[in-house]
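# Coordinate inspection notes
Here are the chains, one letter per residue:
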Amino acid sequence: MFTSEKGVVEEWLSEFKTLPETSLRNYATNLKDKSSVVSSLYKVIQEPQSELLEPVCHQLFEFYRSGEEQLLRFTLQFLPELIWCYLAVSASRNVHRSGCIEALLLGVYNLEIVDKQGHSKVLSFTIPSLSKPSVYHEPSSIGSMALTESALSQHGLSKVVYSGPHPQREMLTAQNRFEVLTFLLLCYNAALTYMPSVSLQSLCQICSRICVCGYPRQHVRKYKGISSRIPVSSGFMVQMLTGIYFAFYNGEWDLAQKALDDIMYRAQLELYPEPLLVANAIKASLPHGAMKSSKEGTRCIQVEITPTSSRISRNAVTSMSIRGHRWKRHEQPDNNNDTTELGILVIPEISVTNVAGERTGNGEKGRTLGEIDAQHIQGVQETATDPRTESKGLPEIRRQKSEIQN
């Protein structure tokens, strides 16, 4: 760590201690724009032997419990790096070197599991029903499945998943380690839209490192440091995938792609069905090309919405379009009699008796094609049902045509 970076961190530590309570909001607003402070804090966290690590962790915890929303988010942006440092030190069995990081993670966890009155939180998640439209789908595009979901939703069978209450922890052990870390990643994912690019990059990098350390792919990725395998849980990997999915569409395509491949690699080795299901679903929904999203613009996930019924009805088949198609079908090009000029209406040949050479009369120009077709069908039906036509045959049909012309 350079002397200049150390000086930036020491100034940041002393500035907050002398800050009056009335200036806390303005300080929090300006702090997120100080990129030199953020980069220097990352350097401190990445060096477990640094003498500044303990006061930095203490001040980050003071930020989190201050009640100021922007200071809370400032601490959350370092959460992926803190989790990686704790897991790396735990894998090397030097637990005494991660005491301040463990205290910070436990402090954030114990603050998040209770509300402002000190009661335990119970988080609820309603699983969306396919019978109700959303920005991702419309029930009409699903087919028979939408009918089944619609029938179930009419009976009020909406599934709600509850999380909590979570017990308070005084220390991290091998039994409760990933229960705490999974909940912390859940809190981080809840504030993903406020996380800067450097935090998303850190998330993708630590996900790759956690999944491949101690496996042959570590040599392919050229990750140095520890070579011990880091145990992970299925729920922890699902939370990692949630953050990576957001990083895909917010300017970190390459890092997120690498992290997704590494998580699928580890999930296949561990035979975890939940991460495999989520990872394959994310991979199947990704576009073919890289998303070039602006890091300063609006962050969103682009989806295709099924056209509404008003857009479909513009090109719908109507009776007028059928009549027009039938009219064009009867128009046959005739090179011998093609003497029409611009503005003159040409009446096509309509043969009722299949006798060639008969044309409609002059008085028939003002009649619509629908009336002629209707009368033609009526005349044919009367000819087929009338027993007199069996003896008279063709003259009877010609008589009916002459009645139409008259």
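Nothing here was measured: the structure is a model prediction, and the numbers come from that model.

### Looking at the overall build of the protein
- Helix and strand counts for the protein stand at 19 helices and two strands.
- Put simply, of all contacts in the protein between residues at least 6 apart along the chain, 70% involve residues at least 24 apart.
- With an accessible surface of roughly 25,100 Å², the protein has 53% of that area assigned to carbon and sulfur atoms.

### Quick look at the state of the cysteines
- Across all of its chains, the model carries zero disulfides by this definition.
- Distance from the sulfur of Cys-204, which forms no disulfide, to the nearest cysteine sulfur (Cys-207) is 6.7 Å.

### Points about the pattern of salt bridges
- Scanning the model with the defined rule gives 11 salt bridges in all.
- Arg-25 serves as the salt-bridge partner of Glu-68, at 3.7 Å between the closest nitrogen and oxygen. Placement of Glu-68 in the loop between α4 (53–64) and α5 (69–76) and of Arg-25 in helix α2 (residues 24–31) is noted, with a sequence separation of 43 residues between them.
- Given a relative accessible area of 12%, Glu-68 falls into the buried group.
- Within the structure, one salt-bridge network assembled from shared partners comprises Arg-217, Arg-221 and Asp-262.

### Focus: the packing of helix α6 (residues 79–91) against helix α10 (residues 197–212)
- In the contact formed by α6 and α10, the axes pass within 8 Å of each other and the chain directions differ by 25°. Regarding the angle of α6 to α10, the classification is roughly parallel. Considering only the axes of α6 and α10, their crossing is left-handed. Counting all contacts with α6, which are made through Pro-80, Glu-81, Trp-84 and Leu-87, the residues of α10 involved are Ser-199, Ser-202, Leu-203, Ile-206, Arg-209 and Ile-210.
- For the contact of α6 with α10, a count of residues per class yields six nonpolar, two polar and two charged.

### Considerations on the side chain of Gln-239
- Mapped onto the elements of the fold, Gln-239 is located in helix α12 (residues 234–248).
- Overall, the relative accessible area of 15% leaves Gln-239 in the buried class.
- Among residues more than four places away in sequence, those in contact with Gln-239 are Thr-182, Leu-185, Leu-186 and Asn-189.

### Remarks on helix α1 (residues 3–17)
- The first and last C-alpha atoms of α1 sit 22 Å apart over 15 residues, in line with the 21 Å expected at 1.5 Å per residue.
- Along α1, the residues that are buried comprise Glu-5, Val-9, Trp-12, Leu-13 and Phe-16. Mapping the buried residues of α1 onto a view down its axis gives an arc of 95°, with all of them on the same face. Facing away from the buried side of α1 by more than 90 degrees, the exposed set consists of Thr-3, Ser-4, Glu-11 and Lys-17.
- If you follow the buried residues of α1, they end up packed against α2, α3 (35–45), α4 and α5.

### Some details on unusual backbone geometry
- Positive phi values are uncommon outside glycine, yet Lys-222 reaches one of about 60°.
- Mapped onto the secondary structure, Lys-222 falls in the loop between α11 (217–221) and α12.
- Of the residues examined, Lys-222 reaches a relative accessible area of 70% and is grouped as exposed.

### Quick word on the packing of α1 against α2
- It is at 12 Å that the axes of α1 and α2 come closest, and there the two elements cross at 160°. In this view, α1 runs roughly antiparallel relative to α2, as classed from their interaxial angle. In contact with Trp-12, Glu-15 and Phe-16 of α1, α2 contributes Leu-24, Tyr-27 and Leu-31.
- Classifying every residue of the contact of α1 with α2 by side-chain character gives five nonpolar, no polar and one charged.

### Points about the confidence of the model for the protein
- Of the residues in the protein, 64% have a pLDDT of 70 or more, and the chain-wide mean is 75.
- Contacts from residues 309–313, a stretch scored under 50 in pLDDT, to residues over four places away or in other chains number one contact.
- This stretch, residues 350–369, has a pLDDT under 50; its non-local contacts, to residues over four places away or in other chains, come to 21 contacts.

### What to know about the packing of aromatic side chains
- Following the criterion strictly, the structure yields 13 aromatic pairs and no others.
- The interplanar angle of 50° and the centroid separation of 4.9 Å between the aromatic rings of Tyr-42 and Phe-78 together place this pair among those described as tilted. Here Phe-78 lies in the loop between α5 and α6 and Tyr-42 lies in helix α3, a separation of 36 residues in the sequence.
- Here Tyr-42 falls in the buried class, since its relative accessible area comes to 6%.
- Note on Phe-78: relative accessible area 0%, which makes it buried.
- A centroid spacing of 6.4 Å and a plane angle of 90° characterise the contact between Tyr-215 and Tyr-265, whose relative ring orientation is edge-to-face. Pair noted here: Tyr-215 is in the loop between α10 and α11 and Tyr-265 is in helix α13 (residues 253–270), with a separation of 50 residues, a long-range link. The two residues Tyr-215 and Tyr-265 agree in class, both being buried.

Reading the values: rules and limits
- Residue indices follow the written sequence of each chain, beginning from 1 at its first position.
- Thresholds applied to this predicted model are a pLDDT of at least 70 for local features of residues and 80 or more for the giving and counting of side-chain atom pairs; totals over whole chains, interfaces and linings are not thresholded and use all residues.
- By convention in this description, side-chain values take in all heavy atoms of the structure and omit both hydrogens and water.
- Helix numbers and strand numbers start at the N terminus; a helix is a DSSP run of H or I with at least 4 residues, a strand a run of E with at least 2.
- Between two residues, a contact is recorded if the distance between any of their heavy atoms is within 4.5 Å.
- The protein chains shown are the only cover counted for residues, whose accessible areas, like all others here, come from Shrake-Rupley with a 1.4 Å probe.
- Count a disulfide wherever a pair of cysteine sulfur atoms falls within 2.5 Å.
- Salt bridge, as applied in this entry: a Lys or Arg side-chain nitrogen positioned within 4 Å of an Asp or Glu carboxyl oxygen.
- Whether a residue is buried, partly exposed or exposed follows from its accessible area with a 1.4 Å probe, protein chains only, as a fraction of its type maximum: under 20%, in between, or over 50%, in that order.
- Interaxial angle, 0 to 180 degrees, is taken between N-to-C directions of lines fitted to C-alpha atoms, where a helix line uses only the stretch in contact.
- Just so you know how the angles are binned, under 35 degrees is roughly parallel, over 145 roughly antiparallel, 65 to 115 roughly perpendicular, and the rest oblique.
- Take the far helix as your reference; a near helix turned counterclockwise from it by less than a right angle gives a left-handed crossing, and one turned clockwise gives a right-handed crossing.
- When residues are sorted by character, Ala, Val, Leu, Ile, Met, Phe, Trp, Tyr, Cys and Pro go into the nonpolar class, Asp, Glu, Lys and Arg into the charged class, and all the rest, Gly among them, into the polar class.
- Take the residue count of a helix, subtract one, and multiply by 1.5 Å to get its expected span.
- The reported arc concerns the directions from the helix axis to the C-beta atoms and nothing else.
- Think of pLDDT as the predictor's per-residue confidence, scored from 0 to 100.
- Between rings of Phe, Tyr and Trp, where Trp is taken as its six-membered ring, a pair exists when centres lie within 6.5 Å; planes separated by under 30 degrees are stacked, by over 60 edge-to-face, and by other angles tilted.

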